Amino acid sequence: MKALVYEGPKQVKIVNVPDAKIEKPTDVLVKITTTNICGSDLHMYEGRTSVEQGKVLGHENLGVVIEVGKEVERVKVGDRVCLPFNISCGYCENCERGYTGFCLTVNPGHAGGAYGYAEMGPYNGGQAELLRVPYGDFNCLVLPEGAEEHEEDYVMLSDIFPTGYHATELADVQPGESVLVYGAGPVGLMAAYSSMLRGADQVMVVDHHPDRLALAEKIGAIAIDYSRTDPVEAVMEFTQGKGADKGCECVGFQCHDHHNHEIPNLTMNRLVQSVKATGALGVVGVFTPQDPNATDALEKEGEIAFDMGMFFTKGLRMGSGQTNVKAYNRHLCELIEHGKAKPSFIVSHRLTLDEAPNAYQHFDRRDMGWTKVVLHPNA
Ligand SMILES: NC(=O)c1ccc[n+]([C@@H]2O[C@H](COP(=O)([O-])OP(=O)(O)OC[C@H]3O[C@@H](n4cnc5c(N)ncnc54)[C@H](O)[C@@H]3O)[C@@H](O)[C@H]2O)c1
Ligand SMILES: [Zn+2]
Ligand SMILES: [Zn+2]
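Residues numbered from 1 in each chain as written. Chains lettered and ligands numbered in written order. Predicted model: local features only at pLDDT ≥ 70, side-chain atom pairs only at ≥ 80, totals over all residues.

A. Main features of the site of ligand 1. If you check the shell around ligand 1, you find 34 residues, and the closest are Gly 39, Ser 40, Gly 183, Gly 185 and Gly 252. Mapped by element, the contributors of at least two residues to the shell around ligand 1 are α1 (39-45), α5 (160-170), α6 (186-197), β11 (202-207) and α9 (266-274). The element contributing the most residues to the shell around ligand 1 is α1, with four residues. The residue inventory of the shell around ligand 1, partitioned by class, reads 15 nonpolar, 15 polar and four charged. A domain-level breakdown of the shell around ligand 1 finds at least three residues from each of domain 1 (2-159 + 324-375) and domain 2 (162-320). (Near = placed C-beta within 6 Å. Helix = DSSP H or I, 4+ residues; strand = E, 2+ residues; numbered from the N terminus. Nonpolar A, V, L, I, M, F, W, Y, C, P; charged D, E, K, R; others polar. Domains from an automatic or database assignment.)

Here it is as structure tokens:
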């Protein structure tokens, strides 16, 4: 089968690899119809992870089931399914409690497994013609009738829609509140969108890319361009000096100033400054335990200089981590099915697998207009 593999920093390539196949009786084999490039892929693409050469990337996957292992009972050949980026067993101590992003079985020695990702187990990704799905009965979200026409909405259930929602859940966003989102990439836009679905009164989004900020405005958020204005002061003005009720971090360890200099603690400390006393932060932007290629000495060890004093004084609380996609994907799917959510508004490019290496370059440079790339490997 054709697949996109990681070759080295800023090098991905389309090659022929052995077909994905059923390896265990609980597996399901999926022919991929839609798969996305994610901001998380860029950490690997830029050589900032330990991902091995030859790994097939792609963790935002949707397709049609073409074969099921002999122990699979629920999922049937022909089902159109969306796969959470997390691979989880369903029966470990963490899965039992809904923390499927921290499964203890699928990636021994670590809490959490995923397709096509550094440190997330031996699983190949879905930027390919075929994908092996472990524990198919547990992991497949079977999509409703008519999903074929709306794959660009449903594919967002694999990661970024639940992840944006997770940020708002961790930040405990309530109706009528003001929410501050750092990052207007796909995840930040989904956090802003989810805040509105939860009834937030005012949503502010900080970034410096005008095209991405324009999308934030299009869904009704207030755009704050941190290359033109001090974002902390801007939030104070928009909230009459009170600060935002809640904050979402949707950038991660590669956050930077508007000259592209990485300053790993920039967004976290600005959120602490901008969220009011007793507020809460949801941190879904990725921070890594080691970052050997970082220029910042602390960051090499996965640490940042965090404004703990102000965090404590304000009585803030914070939740973080990988999204437990299964905790949300069924209900968010209902919203799409019944026309109450349309996360495909962020899609900018629809391409074939062969066009993916070029798309990685553009998306990595955050070139104007490259908000979210959707690939159709079997088109
Ligand atoms: N927790 C999870 O399960 C999960 C899932 C998916 C993605 N992620 C992570 O979420 C983050 C965002 O993903 P994405 O796909 O939106 O990526 P992206 O890289 O496309 O978007 C990040 C955005 O942040 C902006 N940014 C950079 N520095 C900033 C700053 N100082 N202030 C404000 N904005 C700044 C960039 O301009 C960019 O638009 C990444 O770290 C990704 O790995 C986490
Ligand atoms: Zn993703
Ligand atoms: Zn588990």
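There is more to say, and it comes next.
B. Seen up close, the environment of Pro 186. Along the chain, the position of Pro 186 falls in helix α6. Spatially, the C-alpha atom of Pro 186 lies 7.7 Å from that of Gly 39, the residues being 147 residues apart in sequence. If near-sequence neighbours (up to four positions away) are discounted, Pro 186 is found in contact with Gly 39, Ile 160, Ile 346, Thr 371 and Lys 372. (Contact = placed C-beta atoms within 7 Å.)

C. Spotlight on helix α13 (residues 356-364). Every buried residue of α13 is accounted for by Ala 356, Ala 359, Tyr 360 and Phe 363. All buried residues of α13 project into a common sector of 105 degrees when viewed along the axis, lining one side. Residues of α13 that are buried in the fold lie against β1 (2-8), β2 (11-16), α1, β16 (349-351) and β17 (373-375). One or two residues past the end of α13 sits Arg 366, with phi positive at roughly 50 degrees. (Buried ≥ 20, exposed ≤ 12 C-beta atoms within 10 Å, placed from the backbone. Arc of directions from axis to C-beta.)

D. Quick peek at the packing of α5 against α6. At their nearest, the axes of α5 and α6 sit 7 Å apart, and the two run at 60 degrees to each other. In terms of axis orientation, α5 runs oblique to α6. Note that α5 runs across α6; the crossing there is right-handed. Only Pro 186, Val 187, Met 190, Ala 191, Tyr 193, Ser 194 and Ser 195 of α6 make contact with α5, whose side of the interface consists of Ile 160, Phe 161, Thr 163, Gly 164, Tyr 165, Ala 167 and Thr 168. Counted by class, the contact of α5 with α6 contains nine nonpolar, five polar and no charged residues. (Axes fitted to C-alpha atoms, helices over the stretch in contact; angles between N-to-C directions. Parallel < 35°, antiparallel > 145°, perpendicular 65-115°, else oblique. Left-handed = near helix turned anticlockwise from the far one by under 90°.)

E. Here's a closer look at helix α7 (residues 210-218). Among all positions of α7, only Arg 212, Leu 213, Leu 215 and Ala 216 are buried. Buried residues in α7, looked at end-on, bunch into an arc of 150 degrees, giving them a common side. Facing away from the buried side of α7, by more than 90 degrees, are the exposed residues Ala 214, Glu 217 and Lys 218. On its buried side, α7 packs onto α6, β11 and β12 (222-225). At the exit of α7 stands Gly 220, carrying a positive phi of roughly 100 degrees.

F. Spatial organisation of the sheet that holds β11. With parallel pairing, six strands are arranged side by side in an open sheet as β12-β11-β10-β13-β14-β15. In the strand order of this sheet, the two ends are held by β12 and β15 (317-320), each with one partner. If you compare each strand with its neighbour and ignore which way they point, the axes differ by 20 degrees on average. Strand direction decides the pairing type here: strand β14 (residues 275-283) and β15, joined by four bridges, are parallel. Its bridge partner lying in β15, Leu 281 is registered against Met 318. Taken strand by strand, α9 contacts β10 (178-182), β13 (244-249) and β14, and its axis lies near 170 degrees from that of β13. (Pairing = 2+ DSSP bridges.)

G. Looking closely at the UniProt feature "domain: Enoyl reductase (ER)" (unreviewed entry) in the protein. Mapped onto the present numbering, the UniProt feature "domain: Enoyl reductase (ER)" (unreviewed entry) falls at residues 8-375. End-to-end, the C-alpha atoms of residues 8-375 are 21 Å apart, and along that stretch the chain is 26% helix and 21% strand. (UniProt positions renumbered as here; feature names shortened; annotations may be inferred.)

H. Quick peek at the domain arrangement of the protein. Each assigned domain of the protein is listed here: domain 1 (2-159 + 324-375) and domain 2 (162-320). Between domain 1 and domain 2, the C-alpha centre-to-centre distance is 25 Å. The partner domain 2 presents 20 residues to the 20 residues of domain 1 that form the contact. Those elements that place two or more of their residues in the side of domain 1 that touches domain 2 are α1 and α12 (329-337). Its residues assigned to classes, the side of domain 1 that touches domain 2 shows nine nonpolar, seven polar and four charged.

I. Structural context of the pairing of β10. Counting buried residues along β10, five of its five residues qualify, which places the element largely inside the surrounding structure. Both faces of β10 are covered, namely the face carrying Ser 178, Leu 180 and Tyr 182 and the face carrying Val 179 and Val 181. Two elements, β10 and β11, share five bridges in a ladder whose sense is parallel. Looking across to β11, one finds that Tyr 182 is bridged to Val 206. Traced from β10 through α6 to β11, the parallel crossover comes out right-handed. (Right-handed = clockwise from strand over helix to strand, strands pointing away.)

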